[in-house]
Amino acid sequence: MDRLKIDNRSFVQHSAESEGSMFTFRSGWYYEGEGERQALKLNIEKTTGEETQSWFDEHPMVAFTIQELKALLEPLFDVHLFEHDYEKITPWDQQSGNVLAVCVKK
C-alpha cells in the first residue's frame, strides 16, 4: 500500500457463520500523513443471538511509497509490480496505491 494514497476511511469487510455465531472481520490501513509509520487496523465481531462481542487490534507497519519500496528491493531482486486484484493478474497501472510485488532474487 502506497502511504501517500491511503484513504483512512476505507476498509474491507468479510463475514462468516460458524456454530450459530456470525463473525465479521474488518481491516483497513491508517496513515497519519507524515513519517514512515502506518497501521493495519483490525476489528472482529462475534454475534450470537442478541450478544455481540468486539475485538480491536492495531499492527504498526513501515510506510513506503511504491517507488521507495521498489528502490529498496531492486539492488537484490528483480521486482515485478502487479495490480492488487483478486480476480486476475495484470501489470500495475502506475496509478493505484495498492500493488502486489513479486521479487526474484538476483
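Only a predicted model underlies this, so the values are computations on that prediction, with no experimental measurement involved.

**Overview of the overall build of the chain**
- When you go through the chain residue by residue, the secondary structure sums to one helix and six strands.
- For 106 residues, the compact-globule estimate of 2.2 N^0.38 gives 13 Å, and the chain exceeds it by more than 25% at 17 Å.
- Counting only C-alpha atoms, the chain reaches 55 × 30 × 25 Å along its principal axes.
- A buried classification covers 20% of the 106 residues belonging to the chain.
- Counted over contacts in the chain with a minimum sequence separation of 6, partners at least 24 positions apart contribute 35%.
- Put simply, the chain shows about 7,900 Å² of open surface, and 53% of that area lies on carbon and sulfur atoms.
- Distance between charge centres in the chain, computed from 11 positive and 19 negative side chains, equals 6 Å.

**Structural notes on the pattern of salt bridges**
- All chains considered together, the criterion is met by five salt bridges.
- Lysine 41 is the salt-bridge partner of glutamate 58, the closest N and O atoms lying 3.8 Å from each other. With glutamate 58 in strand E4 (residues 51-62) and lysine 41 in strand E3 (residues 37-48), this residue pair connects regions lying 17 residues apart in the sequence.
- Overall, the relative accessible area of 40% leaves glutamate 58 in the partly exposed class.

**A word on the nonpolar core**
- Core analysis: the biggest nonpolar cluster contains five residues, these being Ile66, Val79, Leu81, Trp92 and Val99.
- Discounting chain neighbours no more than four positions away, the residues touching valine 79 are Lys70, Leu73, Glu74, Val102 and Cys103.

**Brief notes about a nonpolar patch on the surface**
- Together, Phe25, Ile44 and Trp55 give the surface a local cluster of nonpolar side chains, amounting to about 270 Å² of exposed area.
- Inspection of the secondary structure puts isoleucine 44 in strand E3.

**Description of the pairing of strand E1 (residues 12-18)**
- Relative to strand E2 (residues 21-31), E1 is paired through seven bridges, and the arrangement is antiparallel. By the bridge assignment, glutamine 13 is partnered in E2 with arginine 26.
- Taken together, E1 and the strand that follows it, E2, pair antiparallel across an intervening segment of two residues, in which glutamate 19 is found at a positive phi of about 50°.

Cut-offs used in this document
- Residues numbered from 1 in each chain as written.
- Predicted model: local features only at pLDDT ≥ 70, side-chain atom pairs only at ≥ 80, totals over all residues.
- Heavy atoms only, no water.
- Helix = DSSP H or I, 4+ residues; strand = E, 2+ residues; numbered from the N terminus.
- Rg over C-alpha atoms; globule rule 2.2 N^0.38 Å.
- Buried < 20%, exposed > 50% of the residue type's maximum accessible area, 1.4 Å probe, protein only.
- Contact = heavy atoms within 4.5 Å.
- Areas by Shrake-Rupley, 256 points an atom, 1.4 Å probe, with all protein chains shown as cover.
- Lys, Arg positive; Asp, Glu negative; His and termini not counted.
- Charge placed at Lys NZ, Arg CZ, Asp CG, Glu CD.
- Salt bridge = Lys/Arg side-chain N within 4 Å of Asp/Glu carboxyl O.
- Core = buried A, V, L, I, M, F, W, Y, C linked by side-chain atoms within 4.5 Å.
- Patch = residues over 30% accessible without salt bridge, like charges linked within 9 Å, V, L, I, M, F, W, Y side chains within 5 Å.
- Pairing = 2+ DSSP bridges.

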